[in-house]
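A closer look at the structure
Spelled out from the first residue to the last, the chains are:
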Amino acid sequence: MSKYKLFLLRHGEGAWNKENRFCSWVDQKLSEDGVKEAQDCGKLLKEQGYKFDLVFTSILSRSIQTAWLVLEAMGQEWVPVVKSWRLNERHYGALIGLNRAEMALQHGEEKVKLWRRSYDITPPLIDESHPYYLEIYNDRRYTTCDVPKENLPRAESLKEVLDRLLPYWNSTVVPEIQKGKTVLISAHGNSCRALLKHLEGISDEEIAKVTLPTGIPVLLELDGNLKPVKPRQLLGDQAKIQAAIKKVEDQGKAKQAT
Ligand SMILES: O=C(O)[C@@H](COP(=O)(O)O)OP(=O)(O)O
(Lines give C-alpha, C1' and ligand atoms only; values in the text may rest on other atoms or scores of the structure.)
Protein backbone atom coordinates (compact mmCIF):
# COMPACT_ATOMS: atom_id res chain seq x y z
CA MET A 1 0.00 0.00 0.00
CA SER A 2 1.16 3.52 -0.78
CA LYS A 3 2.31 5.31 2.35
CA TYR A 4 4.31 8.25 1.00
CA LYS A 5 4.24 10.43 -2.09
CA LEU A 6 7.56 11.73 -3.41
CA PHE A 7 7.90 14.15 -6.32
CA LEU A 8 11.02 14.42 -8.46
CA LEU A 9 11.34 17.30 -10.88
CA ARG A 10 13.93 18.17 -13.49
CA HIS A 11 14.05 21.99 -13.57
CA GLY A 12 12.39 23.94 -16.42
CA GLU A 13 14.40 24.48 -19.60
CA GLY A 14 17.65 26.33 -18.96
CA ALA A 15 19.40 28.71 -21.35
CA TRP A 16 21.93 26.04 -22.33
CA ASN A 17 19.31 23.30 -22.73
CA LYS A 18 17.96 25.54 -25.49
CA GLU A 19 21.42 25.94 -27.05
CA ASN A 20 22.03 22.17 -26.71
CA ARG A 21 25.20 22.65 -24.64
CA PHE A 22 26.23 20.49 -21.68
CA CYS A 23 25.43 22.81 -18.78
CA SER A 24 26.15 20.68 -15.74
CA TRP A 25 27.84 22.79 -13.01
CA VAL A 26 27.69 26.06 -14.96
CA ASP A 27 25.06 28.18 -13.27
CA GLN A 28 22.63 29.08 -16.05
CA LYS A 29 19.20 30.58 -15.40
CA LEU A 30 15.92 29.29 -16.84
CA SER A 31 14.98 30.34 -20.37
CA GLU A 32 11.62 32.09 -20.93
CA ASP A 33 10.15 28.73 -21.90
CA GLY A 34 11.71 27.21 -18.78
CA VAL A 35 10.01 29.80 -16.55
CA LYS A 36 6.68 28.91 -18.17
CA GLU A 37 7.33 25.18 -17.77
CA ALA A 38 7.96 25.63 -14.04
CA GLN A 39 4.84 27.79 -13.63
CA ASP A 40 2.73 25.28 -15.58
CA CYS A 41 4.11 22.49 -13.42
CA GLY A 42 3.03 24.39 -10.27
CA LYS A 43 -0.44 25.03 -11.73
CA LEU A 44 -0.88 21.36 -12.56
CA LEU A 45 0.20 20.23 -9.10
CA LYS A 46 -2.18 22.76 -7.56
CA GLU A 47 -5.09 21.61 -9.76
CA GLN A 48 -4.38 18.04 -8.71
CA GLY A 49 -4.55 19.11 -5.07
CA TYR A 50 -0.98 18.27 -4.00
CA LYS A 51 0.58 19.98 -1.00
CA PHE A 52 4.27 20.01 -0.17
CA ASP A 53 5.83 20.11 3.29
CA LEU A 54 9.47 20.37 2.25
CA VAL A 55 11.44 21.04 -0.91
CA PHE A 56 15.03 20.01 -1.66
CA THR A 57 17.05 21.61 -4.46
CA SER A 58 20.61 21.57 -5.73
CA ILE A 59 22.75 24.70 -5.34
CA LEU A 60 22.36 25.55 -9.04
CA SER A 61 20.04 28.46 -9.80
CA ARG A 62 17.91 26.64 -12.37
CA SER A 63 16.70 24.08 -9.83
CA ILE A 64 16.15 26.73 -7.12
CA GLN A 65 14.32 29.08 -9.51
CA THR A 66 12.12 26.16 -10.60
CA ALA A 67 11.25 25.33 -6.98
CA TRP A 68 10.31 28.96 -6.30
CA LEU A 69 8.12 29.21 -9.41
CA VAL A 70 6.38 25.92 -8.63
CA LEU A 71 5.68 26.97 -5.03
CA GLU A 72 4.50 30.42 -6.15
CA ALA A 73 2.09 28.92 -8.70
CA MET A 74 0.78 26.60 -5.97
CA GLY A 75 0.40 29.44 -3.42
CA GLN A 76 2.80 27.53 -1.13
CA GLU A 77 5.72 29.98 -1.05
CA TRP A 78 6.14 29.44 2.69
CA VAL A 79 7.23 25.82 2.32
CA PRO A 80 10.88 25.43 3.45
CA VAL A 81 13.50 24.90 0.73
CA VAL A 82 16.74 23.09 1.61
CA LYS A 83 19.72 23.14 -0.78
CA SER A 84 22.65 20.82 -1.26
CA TRP A 85 25.42 20.39 -3.83
CA ARG A 86 24.72 16.68 -3.56
CA LEU A 87 21.61 17.21 -5.69
CA ASN A 88 23.59 19.10 -8.35
CA GLU A 89 23.54 17.95 -11.96
CA ARG A 90 26.10 15.33 -12.91
CA HIS A 91 29.52 16.94 -13.41
CA TYR A 92 30.13 16.60 -17.14
CA GLY A 93 33.87 17.34 -16.83
CA ALA A 94 35.60 18.55 -19.98
CA LEU A 95 32.31 18.28 -21.92
CA ILE A 96 30.85 21.27 -20.08
CA GLY A 97 29.86 24.04 -22.48
CA LEU A 98 30.18 21.86 -25.58
CA ASN A 99 27.33 21.38 -28.05
CA ARG A 100 25.96 17.80 -28.01
CA ALA A 101 25.11 17.70 -31.73
CA GLU A 102 28.62 18.91 -32.66
CA MET A 103 30.16 16.36 -30.31
CA ALA A 104 28.11 13.69 -32.11
CA LEU A 105 29.50 14.91 -35.44
CA GLN A 106 33.06 14.73 -34.10
CA HIS A 107 32.91 11.59 -31.96
CA GLY A 108 29.80 9.76 -33.25
CA GLU A 109 26.31 9.54 -31.78
CA GLU A 110 27.09 6.29 -29.93
CA LYS A 111 29.93 7.92 -28.01
CA VAL A 112 27.76 10.87 -27.03
CA LYS A 113 25.03 8.46 -25.93
CA LEU A 114 27.54 6.59 -23.78
CA TRP A 115 28.72 9.84 -22.20
CA ARG A 116 25.15 10.96 -21.56
CA ARG A 117 23.32 7.82 -20.53
CA SER A 118 25.68 4.99 -19.55
CA TYR A 119 25.85 4.16 -15.86
CA ASP A 120 29.54 3.92 -15.15
CA ILE A 121 31.42 5.82 -17.85
CA THR A 122 33.03 9.00 -16.55
CA PRO A 123 33.51 11.76 -19.16
CA PRO A 124 37.01 13.31 -19.54
CA LEU A 125 37.97 15.35 -16.46
CA ILE A 126 37.79 19.14 -16.43
CA ASP A 127 41.17 20.83 -15.82
CA GLU A 128 42.38 24.36 -15.22
CA SER A 129 42.67 25.11 -18.93
CA HIS A 130 38.92 24.62 -19.41
CA PRO A 131 37.04 27.89 -20.17
CA TYR A 132 34.55 27.31 -17.30
CA TYR A 133 36.97 25.90 -14.71
CA LEU A 134 37.49 29.11 -12.75
CA GLU A 135 33.86 30.16 -13.00
CA ILE A 136 32.88 26.89 -11.34
CA TYR A 137 35.61 26.39 -8.74
CA ASN A 138 35.95 30.07 -7.72
CA ASP A 139 32.25 30.28 -7.05
CA ARG A 140 31.58 30.99 -3.37
CA ARG A 141 28.80 28.40 -3.24
CA TYR A 142 31.38 25.62 -3.43
CA THR A 143 33.04 26.81 -0.24
CA THR A 144 29.83 25.97 1.63
CA CYS A 145 29.78 22.24 0.80
CA ASP A 146 30.31 19.42 3.28
CA VAL A 147 33.54 18.44 1.49
CA PRO A 148 36.57 20.65 0.83
CA LYS A 149 36.58 22.33 -2.59
CA GLU A 150 39.61 20.26 -3.70
CA ASN A 151 37.58 17.08 -3.18
CA LEU A 152 34.63 18.16 -5.31
CA PRO A 153 34.30 16.16 -8.54
CA ARG A 154 36.12 17.04 -11.78
CA ALA A 155 33.76 14.77 -13.79
CA GLU A 156 31.20 12.13 -12.84
CA SER A 157 29.52 9.03 -14.22
CA LEU A 158 25.92 8.47 -13.18
CA LYS A 159 27.25 5.96 -10.66
CA GLU A 160 29.45 8.65 -9.11
CA VAL A 161 26.42 10.95 -8.91
CA LEU A 162 24.57 8.26 -6.98
CA ASP A 163 27.60 7.74 -4.71
CA ARG A 164 27.61 11.41 -3.65
CA LEU A 165 23.83 11.71 -3.56
CA LEU A 166 22.97 8.61 -1.52
CA PRO A 167 24.52 9.72 1.80
CA TYR A 168 22.44 12.92 1.63
CA TRP A 169 19.32 11.03 0.61
CA ASN A 170 19.71 8.59 3.50
CA SER A 171 20.73 11.06 6.20
CA THR A 172 18.61 14.08 5.31
CA VAL A 173 15.75 13.32 2.91
CA VAL A 174 14.59 9.87 4.04
CA PRO A 175 13.95 10.88 7.69
CA GLU A 176 11.73 13.75 6.53
CA ILE A 177 9.69 11.47 4.26
CA GLN A 178 9.38 8.97 7.09
CA LYS A 179 8.00 11.72 9.34
CA GLY A 180 5.14 11.82 6.83
CA LYS A 181 6.24 14.93 4.92
CA THR A 182 5.39 15.25 1.24
CA VAL A 183 8.69 16.12 -0.38
CA LEU A 184 9.50 17.73 -3.72
CA ILE A 185 13.03 17.29 -5.05
CA SER A 186 13.65 19.99 -7.64
CA ALA A 187 16.89 18.95 -9.29
CA HIS A 188 18.34 17.86 -12.63
CA GLY A 189 18.01 15.26 -15.36
CA ASN A 190 20.82 13.08 -14.07
CA SER A 191 20.54 13.61 -10.32
CA CYS A 192 16.86 12.58 -10.65
CA ARG A 193 17.83 9.60 -12.86
CA ALA A 194 20.34 8.46 -10.23
CA LEU A 195 17.70 8.63 -7.52
CA LEU A 196 15.16 6.81 -9.70
CA LYS A 197 17.71 4.06 -10.33
CA HIS A 198 18.18 3.64 -6.60
CA LEU A 199 14.49 3.76 -5.65
CA GLU A 200 13.17 1.61 -8.48
CA GLY A 201 16.10 -0.82 -8.53
CA ILE A 202 16.72 -0.14 -12.24
CA SER A 203 19.60 -2.16 -13.71
CA ASP A 204 22.79 -0.52 -15.01
CA GLU A 205 21.67 -1.35 -18.59
CA GLU A 206 18.06 -0.22 -18.26
CA ILE A 207 18.90 3.17 -16.73
CA ALA A 208 20.45 4.13 -20.09
CA LYS A 209 16.90 4.14 -21.51
CA VAL A 210 15.52 6.55 -18.93
CA THR A 211 15.39 10.19 -20.00
CA LEU A 212 13.57 12.94 -18.13
CA PRO A 213 12.07 15.98 -19.82
CA THR A 214 12.31 19.45 -18.25
CA GLY A 215 9.52 20.76 -16.03
CA ILE A 216 7.53 17.51 -15.75
CA PRO A 217 6.82 16.27 -12.21
CA VAL A 218 7.48 12.59 -11.55
CA LEU A 219 5.29 11.11 -8.83
CA LEU A 220 6.55 8.10 -6.89
CA GLU A 221 4.23 6.31 -4.50
CA LEU A 222 6.29 4.52 -1.86
CA ASP A 223 5.65 2.00 0.90
CA GLY A 224 6.95 2.30 4.46
CA ASN A 225 10.41 1.09 3.35
CA LEU A 226 10.43 3.66 0.53
CA LYS A 227 9.95 1.02 -2.14
CA PRO A 228 7.71 2.08 -5.05
CA VAL A 229 4.30 0.41 -4.96
CA LYS A 230 3.44 1.30 -8.57
CA PRO A 231 5.24 2.56 -11.69
CA ARG A 232 6.41 6.16 -11.63
CA GLN A 233 3.89 8.64 -13.05
CA LEU A 234 4.98 11.56 -15.20
CA LEU A 235 2.16 14.03 -14.62
CA GLY A 236 0.58 16.00 -17.45
CA ASP A 237 -0.38 15.53 -21.09
CA GLN A 238 1.16 12.17 -22.03
CA ALA A 239 1.58 12.96 -25.75
CA LYS A 240 3.44 16.18 -24.90
CA ILE A 241 5.58 14.34 -22.36
CA GLN A 242 6.60 11.69 -24.92
CA ALA A 243 7.46 14.44 -27.43
CA ALA A 244 9.54 16.24 -24.78
CA ILE A 245 11.45 13.03 -23.94
CA LYS A 246 12.19 12.47 -27.63
CA LYS A 247 13.44 16.06 -27.92
CA VAL A 248 15.95 15.47 -25.10
CA GLU A 249 17.07 12.16 -26.65
CA ASP A 250 17.48 13.80 -30.07
CA GLN A 251 19.84 16.41 -28.60
CA GLY A 252 22.58 13.82 -29.09
CA LYS A 253 22.02 13.46 -32.85
CA ALA A 254 24.82 14.66 -35.12
CA LYS A 255 24.14 18.15 -36.49
CA GLN A 256 26.17 21.26 -37.25
CA ALA A 257 25.40 23.87 -34.56
CA THR A 258 23.51 26.85 -36.04
O1 LIG B 1 23.94 19.16 -17.77
C2 LIG B 1 23.09 19.30 -18.67
O3 LIG B 1 23.29 19.95 -19.69
C4 LIG B 1 21.71 18.65 -18.50
C5 LIG B 1 21.69 17.19 -18.75
O6 LIG B 1 22.22 16.89 -19.97
P7 LIG B 1 22.01 15.45 -20.62
O8 LIG B 1 22.43 14.42 -19.64
O9 LIG B 1 20.54 15.33 -21.01
O10 LIG B 1 22.89 15.49 -21.85
O11 LIG B 1 21.34 18.78 -17.17
P12 LIG B 1 20.09 19.61 -16.60
O13 LIG B 1 19.52 20.41 -17.75
O14 LIG B 1 19.07 18.60 -16.11
O15 LIG B 1 20.62 20.44 -15.48
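Throughout, a residue's number is its position along its own chain's written sequence, starting from 1. Only residues with pLDDT of at least 70 are given local features in this predicted model, and only at 80 or more are side-chain atom pairs given and counted; all residues enter the totals for whole chains, interfaces and linings. No hydrogens and no water enter the side-chain calculation; it runs on all heavy atoms of the structure.

The cut-off we apply is this: UniProt positions are given in the numbering used here, feature names are shortened, and annotations may be inferred rather than shown by experiment.
An unreviewed UniProt entry annotates the protein as Phosphoglycerate mutase of Cyprinodon variegatus. You can read under Sequence similarities (unreviewed entry) in the UniProt record for the protein the words "Belongs to the phosphoglycerate mutase family. BPG-dependent PGAM subfamily." Under Function (unreviewed entry), UniProt gives the following word-for-word description of the protein: "Plays a major role in regulating hemoglobin oxygen affinity by controlling the levels of its allosteric effector 2,3-bisphosphoglycerate (2,3-BPG). Also exhibits mutase (EC 5.4.2.11) activity."

Things to note about the overall build of the protein
Operational definition: Each helix is a run of DSSP H or I of at least 4 residues and each strand a run of E of at least 2, with the numbering of both proceeding from the N terminus. Here the radius of gyration uses the C-alpha set of atoms, whereas the globule reference equals 2.2 Å times the residue count to the power 0.38. Throughout, exposure labels follow a simple rule: accessible area from a 1.4 Å probe, protein chains only, divided by the maximum for the residue type, with under 20% read as buried, over 50% as exposed, and the rest as partly exposed. Note on contacts: a residue pair qualifies if any of its non-hydrogen atoms lie within 4.5 Å across the two residues. Note that accessible areas follow from Shrake-Rupley with a 1.4 Å probe, and for residues the cover is restricted to the protein chains shown. Residues scored as positive are Lys and Arg, those scored as negative are Asp and Glu, and His as well as the terminal groups of each chain are ignored. Every charge is mapped to an atom, namely NZ of Lys, CZ of Arg, CG of Asp or CD of Glu.
Helix and strand counts for the protein stand at nine helices and six strands. What you see for the protein is a C-alpha radius of gyration of 17 Å, in line with the 18 Å of a compact globule of 258 residues. Seen through its principal axes, the protein has C-alpha atoms that stretch 50 × 45 × 35 Å. Taking all 258 residues of the protein together, 54% fall into the buried category. For the protein, restricting intrachain contacts to residue pairs at least 6 apart in sequence, the fraction spanning at least 24 positions comes to 79%. Counting every atom, the protein has about 11,900 Å² of accessible surface; 51% of that belongs to carbon and sulfur. Averaging the locations of the 38 positively and 35 negatively charged side chains of the protein gives two centres separated by 2 Å.

A short note on the UniProt feature "site: Transition state stabilizer" (unreviewed entry) in the protein
The positions that UniProt labels "site: Transition state stabilizer" (unreviewed entry) are, in the present scheme, H188. Given a relative accessible area of 0%, H188 falls into the buried group. The contacts of H188, once residues within four sequence positions are left out, are L9, R10, H11, S58, L60, R62, S63, L87, N88 and E89.

Digging into the sheet that holds strand β5 (residues 217-222)
In plain terms, the rule: One bridge is not enough; two strands pair if DSSP finds at least two bridges between them. Helix axes are fitted only over the stretch in contact, all axes being lines through C-alpha atoms; the angle between N-to-C directions runs from 0 to 180 degrees.
In spatial order, the strands read β3-β2-β4-β1-β5-β6; together these six strands make up an open sheet with mixed pairing. Only two strands of the sheet have a single neighbouring strand rather than two, namely β3 (81-83) and β6 (233-234). Bridge count between strand β1 (residues 4-10) and β5: six bridges; the pairing is antiparallel. Counted as the bridge partner of K5 is E221 from β5. Strands in contact with helix α8 (residues 189-200) are β1, β4 (183-187) and β5; relative to β1, the strand with the most contacts, it is inclined by about 150 degrees.

So, the side chain of N20
Tracing the backbone shows N20 in the loop between α1 (15-18) and α2 (32-47). If sequence neighbours within four positions are ignored, N20 has contacts with L98, N99, R100, A101 and Q251.

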